[in-house]
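Here is what each chain is made of, one letter per residue.
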Amino acid sequence: MDDRFDVIVSAGSLKVTDEHAVHFPHRWTPEGVSVRADFTGGHLLHLAAAGCVLNDLYREAAALGIELLGARVSAAGGFDTESWRSTGITYTVDVSSTAPAESIAHLIDIVDSVAEIPRAIRQGATVQRIS
């Protein structure tokens, strides 16, 4: 079984504003971010990846001199319920900006290579209880 654990994190002109969204302050945007996710471990894992990508979109856009009007990152994935091994995480990025499309594509490529949480997940990690 591979149930999907879908999440959305968004900011600016692409910010989700429905009653199911939770809003948080955000160092890169004056109005903060919105998160739409259920509160399960699977959703939170995917939210960590999506949130990191969103943060890095703003950080890297600033470094490149690209103004972002809004951003939305949707992430999803599932788990093999016999082993609880992840079946993988996929994500999509939507950006609102006046920058040329090729500049936005370059930004998204950079973020995909530098986003820390997706990189850590791709490498795998040991999780160990210590007490």
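Residues numbered from 1 in each chain as written. Predicted model: local features only at pLDDT ≥ 70, side-chain atom pairs only at ≥ 80, totals over all residues. Heavy atoms only, no water.

## Describing the pairing of strand 2 (residues 22–26)
Piece 1. Two strands pair when backbone bridges link them, and strand 2 and strand 3 (residues 29–36) are joined in this way by four bridges, in the antiparallel orientation. Bridge pairing links His26 to Thr29 in strand 3. (Pairing = 2+ DSSP bridges. Helix = DSSP H or I, 4+ residues; strand = E, 2+ residues; numbered from the N terminus.)

## Structural notes on the layout of surface pockets
Piece 1. What the largest pocket holds in volume is close to 390 Å³.
Piece 2. In terms of lining, the largest pocket is formed by 16 residues, of which the most central are Leu45, Ser86, Ile89, Ile121 and Arg122.
Piece 3. Looking at the lining of the largest pocket, the elements with two or more residues in it are helix 1 (41–64), strand 5 (85–96) and helix 3 (116–123).
Piece 4. Residue contributions to the lining of the largest pocket peak at six residues, all from strand 5. (1 Å grid on protein atoms, 1.4 Å probe; cavity = no way out; pocket = protein on both sides within 12 Å on 5 of 7 lines; lining within 4 Å. Points joined across faces, edges and corners; volume = space filled by probe spheres on them.)

## Some remarks on the packing of aromatic side chains
Piece 1. One pass over the structure, following the stated rule, counts two aromatic pairs.
Piece 2. Judged by centre distance (5.2 Å) and plane angle (85 degrees), the ring pair of Phe5 and Phe79 falls under edge-to-face. Highlighted residues: Phe5 in the segment before strand 1 (7–12) and Phe79 in strand 4 (residues 70–80), separated in sequence by 74 residues. Phe79 shares its class with Phe5; the two are buried.
Piece 3. Summarising the aromatic geometry, the rings of Phe79 and Trp84 are spaced 6.1 Å apart at their centres and angled 45 degrees between planes, so their arrangement reads as tilted.
Piece 4. Phe79 sits in the buried class, given a relative accessible area of 10%. (Phe/Tyr/Trp six-rings, centres within 6.5 Å; stacked < 30°, edge-to-face > 60°. Buried < 20%, exposed > 50% of the residue type's maximum accessible area, 1.4 Å probe, protein only.)

## Considerations on the sheet that holds strand 2
Piece 1. Spatial strand order, 2-3-1-4-5: five strands in an open sheet with antiparallel pairing. The strands lining the two open edges of the sheet, one partner per strand, are strand 2 and strand 5. Shown here is a sheet whose adjacent strand axes are inclined to one another by a mean of 20 degrees, direction ignored.
Piece 2. Strand direction decides the pairing type here: strand 4 and strand 5, joined by ten bridges, are antiparallel. By the bridge assignment for strand 5, Ala71 is matched with Val95. (Axes fitted to C-alpha atoms, helices over the stretch in contact; angles between N-to-C directions.)

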